[in-house]
Amino acid sequence: MLNSITKPVQEDVWVKSTCFMCWNTCGIKVNKVDGVIVKIEGDPDCPQNWGKTCAKGNAGHMSLYDPNRVLFPMRRTNPVKGFDVDPKWERISWEEALETITARLKKIRAEDPRKLVISTFDTRGQSGVFWMAWAAAFGTPNQWGGGANYFCGNGFHPVTYLTHGTWFGEPDIRHCRYLMLFGTQNGSVSNHLPMDLAAKMADARMDGMKLIVVDPVGINAGSKAHEWVPIRPGTDAALALAMINVLLNEEGVYDKEFLTKYTNGPYLIREDGHYLRDHETGKPLMWDLAAARPRPFDDPAFGSVALEGRFLIEGKQIPTAFTLFKEHVRQHTPESASSITTIPADTIRRLAHEFGQAAQIGSTIVIDGKELPLRPAAASWYRGAIAHKHGMLTGLAIQFLNVVVGAIDVPGGHLGNNPVSQTAPLHWSPVPSADGLIMPQGYARRRKPPYPATKVKPPERFDLLELCPVAPYGTTFFTEALLDPKRFKLSYFPEMLIVCRSNPLMTCANPDRMAEALKKIPFMVAFACEMSETAEFADIVLPDAHYLERLDANPNEPTEFVGAGEGYWYWMVRQPVVPPRGEARGWVEVLYDLADRLGIRGDAYALLNATLDLKEPFAYKPTEKYSWEELANRWMKSWFGADKGIDWFKKNGFLITGKKKVEEAYTRVFLTPRIPLYVEYFLDAGAEVRKVTEDLGIRWDTDDYQALVNWKPCPAYDHSVPGYDLFVVNFKLPFHSLSYTSHNALLAELSEKNPYAYSVLLNADTARKKGIRSGDRVRLETEEGYEVEGQALLTECIHPEVAGIAGCFGRKSKALQLSYKKGVHFNTLLPHATERIDSLSAALDSCVRVKVGRL
Amino acid sequence: MARLGMVIDLARCVGCDACTVACQTENGTPPGIQYAPVFRKEVGKFPQAKVFFLPTLCMHCDDPPCMKACPTSAISKRKKDGIVLVDQDKCCGSKACIAACPYGALHFYEKKSGMYGEKITEPEEQALKKFTPGTAQKCTFCSHRVDRGLEPACVVTCPTNCRIFGDLDNPESRVSQLLRERNSVALRPDAGTDPSVRYLP
């Protein structure tokens, strides 16, 4: 007989929980046999992933049982810090560790609480909400998002906020018939809601949806596309704007009704670029064609609104914003874009034509008895397009492709992830600002919206967020500020760093420079599952609970991790399947122990009551001390009812609170706030940044604060020293996420067997001209002198001007034997430099020129 | 009697390797052994180039060469559903089946080892109890799941639903429908094995 088992099994159970192998939150069920996790499957009933799990999710428990896991608190006894330096760890007790940390925290809090920095990418659900409240109660603004925030959704989130009123967005693949992906791999098990989108995308492709993938690398999404359009890195905006130009000025294909009703296109614009405002109310004016006079944009007496034209007002010809936009994009001809992007002009015209035709402007669809516009064409974008110096303008340019054909928050177009909720327990909806533009409210506001611009002031935070009024986070500036605080007029310096689920030494830019920055912080505490590079720099390492050992209420935030469009509202739980190994503990739970010792628990509870809007009798009493589980229990009961406490969630895994109404699924036509096609408020925001930075004597780039978007060359495009003839780019594999998964035994095995994972991808023709063959060892070197070595793989699936490096490999911590020095570490090649950071979105430019030579 | 089989829709597959890993954890296969690897091959010249993904597994042939090659009759085909299985207790480790299989679907389990090296993790300890060192191993179509009315692990996990499992002999089954509706290919038809895994190009 096959599978003869000798000992009878005592316990064989399945526990529902939420995955955490990437930043998505798939519903899982976990099989525990005799106390050991042996299998993870997708939860077939969970609307997040309907039973599907990717390679990472399947492999999750192997990280839990990694024999190299950090299991006990340890103190560094070797004061020297560096890669390949033995920290000479000495095991200590939790009590000793916490006492040491408390003493330092007390001193810092008494002197200047800002001297504490917390770095983590653990930003959602109970852990995310609770550490942020802890940090606020402690009094530090210094939250350092860690590696992923250097070039994650920097040029995405603010754009979706401005145009949808929500933190995330996705193409409506249910109804879309023509989808363009710019530097993202939706549907190929990467990016956002990957299980849901993979299934929908496969269905849609089979059903005839045309998929166009614009990307310098074509090995995953590009390989499933009807057309892979290889593009020179950092030039996506040139393509998008040329397509818009063709639609507006050559083909005359654009959604006039949408632009008139739902954008600021009809707003009248003064010579200085600002809105022409009503003398009395200060409101932006539009032109009433019927009455032949301007009126405030929200005047109910409007006859018909002029989208285009120039109108004589007080002796001046005043154009509408759309008129300026349409004229502005004329400079982006397919011919000029062709020389920038390397895409033939004919192809650009054809793509624009196909996109415009596919949008079926004027068509409608009836859903649940409501007639809605149907615009089955969408453009989606992410890191590949926007992790560049002018990434925010690029994000806007791509989204404006959707805007001009009216494909925003209507069936078939690009959707925000739930700008509106009319379903208990939480209700939210964007409202119009005084100028009539989209302003998210309530729950949808819990991240930093780009509009209205935040107040610009001299920086106090080490991420310089005060100088980034429209950015979602300033993370990237952290390294700059640590290395040279005086340059940014920062009057203090961090004394302590707490880091968890963040590995800045691997996931940001050049690790040696990052190491210099980290070494300047006198005391570093790392919570760690694996002995990451960053944990190896710590003074105290504390064993962190693995996600299968941890409780988190509501890990899936509905403006992020509930699919857009039709579907369900649902709330999940992540729960411990097994007790923590060794002496591991959930890191935020530990912070709340420290809160007691510091006397800030009550303050943190008060902040949580406000943030979570907890109602009596479930609100946290500042005088009480609750267990982590009880904190979750009260939160759940307050939101979902006394019968839906943590036990209910543990048993059921998630709660479906309803099917989305059509007003929640396709929000655009039910809302009045407008999309800023003309980003007028950038002008004032930029002027403020200019004034504050000039007053402080900080050199700061404000050129991108412009009302009309255009393409601008990033440093790698502009700066070409002979010999440094290739752009090097990083691309994502579907079975890895950040640095964390590279040491998972099952996923490391996939890397070993996948030819693209550990290699340097070179276009076959380009490589041959350089005398490089597949299998040759090559060195990639930047002008700054940063270099990596790796094995060349010649491929037809990469742009001839590009070298490609996958994932976050080439680990530097010897404790990680399976991944130590395996593959190539892309980020080593990226310089930390202010001039390489997008001043609008704080994205670090993620491509650089290299010289490639055979060793 | 049924003939269980699988139809793999290559147009849907995005090469994510979820099947490969789900199979490894479901079956607890020893380090280095993947019953369901995804192979990649580039086709075309830049820019009309793409990577072609080929998810694989044991073909559960109607006429399995491995079965014929086995000197100890350790390989059999279940009468009730056509699943081809290796009986470890009968396997003498001759590797004849490995040489005979045109698909590379059989693997040799040499000796106990761990994925992380010397220290063998607890899930591996549990899983490796099921494997006899010195024997041939292969995909079982997850017969242990099938016997409980479940689909194979690779089918259940696939994010794009590209693997469809069912009875090839039942004209009403989804697999039979797909084979009627769309062109399909078998791998290595020259080998004359009549595999129960078919591909939709």
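Above this text is the structure in question.
Predicted model only: the values in this text are computed from it and were never measured.

**Student:** Could you give an account of the overall build of chain A, naming the residues involved and the relevant values?
**Tutor:** Assigned secondary structure in chain A consists of 24 helices and 33 strands. Here the C-alpha radius of gyration of chain A, 27 Å, is about what a compact globule of 855 residues would show, namely 29 Å. For chain A, the residues scored as buried account for 62% of the 855 residues in total. The contacts of chain A with a sequence gap of at least 6 include a subset with a gap of at least 24, amounting to 71%.

**Student:** Give a description of the environment of histidine 279 of chain A that names residues and reports values.
**Tutor:** Along the polypeptide, histidine 279 of chain A turns up in the loop between helix H7 (256-262) and strand E12 (285-288). Distance in space between the C-alpha atoms of histidine 279 of chain A and threonine 364 of chain A is 39 Å, their sequence separation being 85 residues.

**Student:** Tell me what's going on with the nonpolar core, and back it up with residues and numbers.
**Tutor:** All names here are of chain A. Counting residues in hydrophobic clusters, the biggest one holds 342 residues, and the most contacted among them are Trp134, Met243 and Val728. Among the elements that make up this core, the one with the highest residue count is helix H6 (residues 236-250) (11 residues). Once you skip the residues sitting within four places of it in the chain, tryptophan 134 turns out to touch Leu591, Tyr592, Ala595 and Ala604.

**Student:** Residues and numbers for the packing of helix H4 (residues 157-164) of chain A against helix H12 (residues 391-404) of chain A, please.
**Tutor:** Residue and element names in this part refer to chain A. Packing of H4 against H12 leaves a shortest axis separation of 9 Å and a crossing angle of 35 degrees. Classified by chirality, the crossing of H12 by H4 is right-handed. Judged by residue contacts, Pro158, Val159 and Thr163 of H4 engage Met392, Gly395, Leu396, Gln399 and Val403 from H12. Tallied by class, the residues present in the contact of H4 with H12 amount to five nonpolar, three polar and no charged.

**Student:** Go over the interface of chain A and chain B, please, and point to the residues and values.
**Tutor:** Listed per partner, the contact involves 53 residues of chain A and 45 residues of chain B. The set of elements that each furnish at least two residues to the side of chain A that touches chain B consists of strand E3 (36-42), helix H1 (55-64), helix H5 (194-206) and helix H23 (745-753) of chain A. When its residues are assigned to classes, the side of chain A that touches chain B shows 31 nonpolar, 15 polar and seven charged.

**Student:** Can you lay out the sheet that holds strand E1 (residues 4-9) of chain B for me, pointing to particular residues and giving the numbers?
**Tutor:** Residue and element names in this part refer to chain B. Pairing in this open sheet of three strands is mixed, and the strands run E8-E1-E9 from one edge to the other. Both edges of this open sheet fall to strand E8 (163-167) and strand E9 (197-200), since each of them pairs with a single strand only. Averaged over neighbouring strand pairs, the angle between their axes works out to 25 degrees when direction is ignored. The strands touched by helix H7 (residues 174-181) are E1, E8 and E9; relative to E8, the strand with the most contacts, the crossing angle is about 110 degrees.

**Student:** Outline unusual backbone geometry, listing residues and values.
**Tutor:** Most peptide bonds take the trans form, and the phi angle of most residues other than glycine is negative. Here the amide bond leading from alanine 424 of chain A into proline 425 of chain A is cis, since omega sits at 10 degrees, within 30 degrees of zero. With respect to the secondary-structure elements, proline 425 of chain A resides in the loop between strand E19 (414-416) and strand E20 (431-432). Note that the residue after glutamate 616 of chain A, namely proline 617 of chain A, is joined by a cis bond; omega there is 5 degrees. With respect to the helices and strands, the residue proline 617 of chain A is situated in the loop between helix H17 (601-612) and helix H18 (628-640). The phi torsion at valine 189 of chain A lies on the positive side, around 60 degrees, for a residue other than glycine. Of note, valine 189 of chain A is situated in the loop between strand E9 (178-182) and H5. Note on valine 189 of chain A: 29 C-beta atoms within 10 Å, which makes it buried. Although it is not a glycine, histidine 60 of chain B sits at a positive phi angle of roughly 45 degrees. For histidine 60 of chain B, the position within the fold is in the loop between strand E3 (50-55) and helix H2 (65-69).

**Student:** Provide a residue-level description of the sheet that holds E9 of chain A, including the pertinent values.
**Tutor:** Residue and element names in this part refer to chain A. Taken in spatial order, the four strands line up as E11-E10-E9-E18 in an open sheet, and their pairing is parallel. Unpaired on one side and paired on the other, strand E11 (227-229) and strand E18 (377-381) mark the two borders of the sheet. The average angle at which neighbouring strand axes cross in this sheet is 15 degrees, direction not considered. By the bridge criterion, five bridges tie E9 to E18 in an arrangement that is parallel. Bridge pairing in E18 places leucine 181 opposite serine 380.

**Student:** Lay out helix H16 (residues 587-598) of chain A in plain terms, naming residues and giving numbers.
**Tutor:** Residue and element names in this part refer to chain A. For H16, spanning 12 residues, the distance from its first C-alpha to its last is 16 Å, which sits close to the expected 16 Å at 1.5 Å a residue. Within the sequence span of H16, burial applies to Trp587, Val588, Val590, Leu591, Tyr592, Ala595 and Leu598. For H16, the secondary structure elements touched by its buried residues are helix H2 (94-111), helix H3 (125-138), strand E22 (496-500), strand E23 (523-528), strand E24 (540-543) and H17. Note on H16: the residue one or two positions beyond its end, glycine 599, has a positive phi of about 75 degrees.

**Student:** An account of the packing of H6 of chain A against H12 of chain A is needed here, citing residue identities and associated values.
**Tutor:** Residue and element names in this part refer to chain A. Following both chains from N to C, one finds H6 and H12 inclined at 25 degrees, their axes separated by 8 Å at the closest point. Considering the angle they form, H6 stands roughly parallel to H12. As for how H6 packs across H12, the hand of that crossing is left-handed. Note on element contacts: H12 touches H6 through Leu393, Thr394, Ala397, Ile398, Phe400, Leu401 and Val404, opposite Asp236, Ala237, Ala240, Leu241, Met243, Ile244, Leu247 and Leu248. Classifying every residue of the contact of H6 with H12 by side-chain character gives 13 nonpolar, one polar and one charged.

Criteria and cut-off values
- Residues numbered from 1 in each chain as written.
- Chains lettered and ligands numbered in written order.
- Predicted model: local features only at pLDDT ≥ 70, side-chain atom pairs only at ≥ 80, totals over all residues.
- Helix = DSSP H or I, 4+ residues; strand = E, 2+ residues; numbered from the N terminus.
- Rg over C-alpha atoms; globule rule 2.2 N^0.38 Å.
- Buried ≥ 20, exposed ≤ 12 C-beta atoms within 10 Å, placed from the backbone.
- Contact = placed C-beta atoms within 7 Å.
- Core = buried A, V, L, I, M, F, W, Y, C linked by C-beta atoms within 7 Å.
- Axes fitted to C-alpha atoms, helices over the stretch in contact; angles between N-to-C directions.
- Left-handed = near helix turned anticlockwise from the far one by under 90°.
- Nonpolar A, V, L, I, M, F, W, Y, C, P; charged D, E, K, R; others polar.
- Pairing = 2+ DSSP bridges.
- Expected span 1.5 Å × (residues − 1).
- Parallel < 35°, antiparallel > 145°, perpendicular 65-115°, else oblique.

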